[in-house]
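Chain by chain, the residues:
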Amino acid sequence: MSNVVLVTGGTGLVGKAIKHIVDTEPEGSRFGKRDGETWIFASSSEADLRDPAQTRQLYEKYKPTHVIHLAALVGGLFKNMKYKLTFLRDNILINDNVLHAAYEHKTTKVISCLSTCVFPDKVQYPLDETKIHSGPPHESNFGYAHAKRMVDVQNHAYKEEFGCNFTSAIPTNVFGPHDNFDLEDSHVIPGLIHKCYLAKKNDTPFVVAGTGKPLRQFIFSHDLAKLFIWMLREYDDVEPVILSVGEDEEVSIKAVADAIVNAVGFEGEYTFDTTRADGQFRKPASNKKLLTLMGGFEFTPFDKALDITVKWFLENYHNARIGSLANRS
Ligand code: NAP
Ligand code: GDP
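Overview of the structure. (Residues numbered from 1 in each chain as written. Chains lettered and ligands numbered in written order. Predicted model: local features only at pLDDT ≥ 70, side-chain atom pairs only at ≥ 80, totals over all residues. Heavy atoms only, no water.)

## What about the site of ligand 1?
We apply this condition: One heavy atom within 4 Å of a molecule or strand is enough for the residue carrying it to be called near that molecule or strand. Contacts described as polar in this section are N or O atom pairs within 3.5 Å, which, within protein, must combine one atom able to donate a hydrogen with one able to accept it, while residues neighboring in sequence count only if both atoms come from side chains. All accessibility values rest on the Shrake-Rupley procedure with a 1.4 Å probe; residue burial counts only the protein chains present in the view. Numbering goes from the N terminus for both helices and strands, where a helix is a DSSP run of H or I of at least four residues and a strand is a run of E of at least two. Each residue gets one of three labels, nonpolar for Ala, Val, Leu, Ile, Met, Phe, Trp, Tyr, Cys and Pro, charged for Asp, Glu, Lys and Arg, and polar for the others, Gly among them.
Inspection of the region around ligand 1 gives 28 residues, with Thr11, Ser44, Tyr144, Lys148 and Arg321 positioned closest. A distance of 2.7 Å separates an oxygen atom of ligand 1 from a polar atom in the side chain of Lys148. Coverage of ligand 1 by the protein amounts to 87% of the 900 Å² it exposes when considered alone. Every element with two or more residues in the shell around ligand 1 is listed here: α1 (13-24), α5 (142-162) and β6 (173-175). Along the lines of polarity and charge, the residues of the shell around ligand 1 split into 14 nonpolar, ten polar and four charged.

## Details of the sheet that holds strand β3 (residues 66-69)
As a reminder of what qualifies: Being paired, for any two strands, means DSSP has found at least two bridges between them. Comment: axis = line fitted to C-alpha atoms, over the contacting stretch for helices; angle = value between 0 and 180 degrees taken between N-to-C directions. Any two residues having at least one pair of non-hydrogen atoms within 4.5 Å are treated as being in contact.
With parallel pairing, the six strands of this open sheet are ordered in space as β2-β1-β3-β4-β5-β10. Every interior strand has two partners, whereas the edge strands, β2 (37-41) and β10 (241-243), have only one. With direction set aside, neighbouring strand axes in the sheet form an average angle of 20°. The pairing of strand β1 (residues 3-8) with β3 spans four bridges and is parallel. In the sheet register, Val5 faces β3, and the bridge partner there is His66. Against the sheet, α1 touches β1, β2 and β3, its axis set at about 155° to β2.

## Regarding the nonpolar core
Note that soluble globular proteins tend to have their nonpolar side chains buried in a common cluster. For clarity, the threshold we go by: By nonpolar core we mean a set of buried residues, namely Ala, Val, Leu, Ile, Met, Phe, Trp, Tyr and Cys, connected to one another through side-chain atoms within 4.5 Å. For every residue, the accessible area obtained with a 1.4 Å probe (protein chains only) is divided by the maximum for its type, and the residue is called buried under 20%, exposed over 50%, and partly exposed between those limits.
Within the largest apolar cluster, 34 residues are counted, with the highest numbers of intra-cluster contacts made by Ile18, Trp39, Ile68, Phe228 and Leu243. Sorting the residues of this core by element identifies β1, α1, β2, β4 (109-113), α7 (221-234), β10 and α9 (288-294) as the ones contributing at least two each. Top element by residues in this core is α7. It accounts for eight residues. Tyr197, Val256, Ala259 and Phe266 belong to the second largest nonpolar core, which has 33 residues in total.

And the structure:
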């Protein structure tokens, strides 16, 4: 049978990583492209998914049997703090349109992407799939978090009322080639890679926001891509799955900055701007459900993945997403 897999947000960090894996995995691999399968990687210029008519047209054009729904307004801590209503509205609109069009077009399966930001701020650690709705999210990203949490509610409602096979994946902080390297509106790894690169190039200070003490779990985008493909093939339940390295693999922001200094080859000192926000102190998530279901997975070591990302950034500076604050010259 021929399947059409539509990846919304197919031009972003995670979408490009899924494309890379689909294009490069050897025949017979658990994560490779299968015979008769067509993959579509959609951008916002092809359809603005905040708009129901454009969303419907995208489904009419490709008639997807499967959807990996990544499209979202995405940003790191500082962008989330600035645009709470926009994060809430845009993501609610996108998610509602994508899920309802999938229902109308009788799409066999949809996997939507959430984030560990959706979890409650005050909760017993480690986070696991049962705790999404057990308290308010951290105030720094409540717009994004509430919009994303609602996808889990929608998935259950679509299943109960119409029997739809809609589910969700919950990744931790993602990084890799094709990330958004904006100086201000990005996540910590791409933001700091760009800042460190400029500090080295221009002999200017490298300043890390906050105290450096918060802890995060990071997943390399190519690993995450494989996990999405595993879910597409082998997971058929409405309950979400956390896609993460182990809960014992938290890294401090200072350790991230040190690793970036090393990977970029920056030889100066760097400082912390403690007037800037730290955000949530930690949000360790358990990958027990994932590993039990998959029977194991080999994650790329953090330093290796960081080297690949920095190399990609240096080789692609002229085409990378570096934001409006940076000057490419
Ligand atoms: P990204 O690099 O910023 O890419 C976002 C993608 O969404 C792009 O393809 C973009 O299309 C598309 N998009 C944005 N607004 C859209 C709209 N109105 N209509 C249609 N498409 C739209 O983000 P990412 O990091 O790959 O994130 C992918 C998913 O992972 C998101 O659901 C995000 O919430 C989730 N996630 C990300 C992280 C992380 O650390 N990055 C962590 C946890 C979860 P164009 O580029 O064509 O505009
Ligand atoms: P979060 O996991 O959603 O909070 O997302 P981020 O990827 O934005 O990580 C935020 C953490 O990194 C906070 O503790 C910030 O203070 C710290 N941080 C340090 N420098 C930067 C930076 O340049 N950009 C971002 N986004 N965060 C930074």
